[in-house]
Amino acid sequence: SILRNSRYPDELLYCTIRRIRADHGLSWKRAAILKAYLSKNSVNDKNKEGCSVGLNTETNDQAYLLGRLFSLLENIQEASAGGTLNTTIKDQYLNSMCSTPALVIAQLLKLKESHMKKIQRDKPGLAVKLDQQIMEIVNRLEIKIPTQLSLEEQAVFMLGYYHQTQKRYERKQEEA
């Protein structure tokens with residue numbers, strides 16, 4: 001496909017997402033494969049919005065925003081636990097949030113509230129910052145969360161999750 005400058009096989013996207021789900025992890029290599037597939041194959045320009053190099057804060061793509069939201073919810077859980085987690089929401093909810101977000105979003109937002117109470121008590125400045133980031137994304141989401149995401153939308157979700165997570169790690173490296 002690369003040598004012929006033709007579309008990547010759909011099996012590439014399917015296998016990459018399947019591998020991400022099985023490992024509960026998204027490496028930079030897998031994110032690069034998703035990005036390459038979307039930029040080369042996507043017939044929907046909306047799905048190409050997530051193909052930016054870094055975090056795209058301007059897009060209104062629902063799948064991308066849901067991925068970013070999931071990353072922030074994971075960040076909130078980690079911040080409230082103070083690094084003492086055996087399993088995170090990523091381990092428990094990544095697959096279902098990626099494929100059927102409407103089924104789990106209410107539960108995740110409910111968990112967020114209990115985690116935020118602890119953060120507000122221990123680190124009020126961080127709580128305000130995280131709450132602002134969540135509200136920015138939630139305000140851009142449509143009222144009706146999609147019940148299912150197509151395979152391409154799942155790839156966009158994964159890129160949104162990856163970009164938001166990488167942004168979090170960028171800040172930690174800058175502080176060090």
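Presented here is an overview of the structure given in this document.

What counts, and where the lines are drawn
Residues numbered from 1 in each chain as written. Predicted model: local features only at pLDDT ≥ 70, side-chain atom pairs only at ≥ 80, totals over all residues. Heavy atoms only, no water. Helix = DSSP H or I, 4+ residues; strand = E, 2+ residues; numbered from the N terminus. Expected span 1.5 Å × (residues − 1). Buried < 20%, exposed > 50% of the residue type's maximum accessible area, 1.4 Å probe, protein only. Arc of directions from axis to C-beta. Salt bridge = Lys/Arg side-chain N within 4 Å of Asp/Glu carboxyl O.

Taking 1.5 Å per residue as the helical rise, helix H7 (residues 124-140) with its 17 residues ought to reach 24 Å, and the 25 Å between its terminal C-alpha atoms agrees with that figure. For H7, every residue scored as buried is listed here: Ala127, Leu130, Gln133, Ile134 and Ile137. Summarising the axial view, the buried residues of H7 lie within an arc of 135°, below the 170-degree limit, and thus occupy one face. Exposed residues pointing more than 90 degrees away from the buried face of H7 are listed as Gly125, Gln132 and Asn139.

Attention shifts here to the pattern of salt bridges. Tallying each qualifying case throughout the model produces ten salt bridges. The partner of Glu74 in a salt bridge is Arg168, with the nearest N and O atoms 3.8 Å apart. Of the two residues, Glu74 sits in helix H4 (residues 62-81) while Arg168 sits in helix H8 (residues 151-175), which places them 94 residues apart along the sequence. Arg168 gets classed as buried once you look at its relative accessible area, which sits at 7%. Put simply, Glu113 and Lys112 hold a salt bridge, and the shortest N to O gap is 2.7 Å. Three or more residues joined by partner-sharing salt bridges are found here, namely Arg19, Asp23 and Arg30.

Read these as geometric descriptors, not functional statements.
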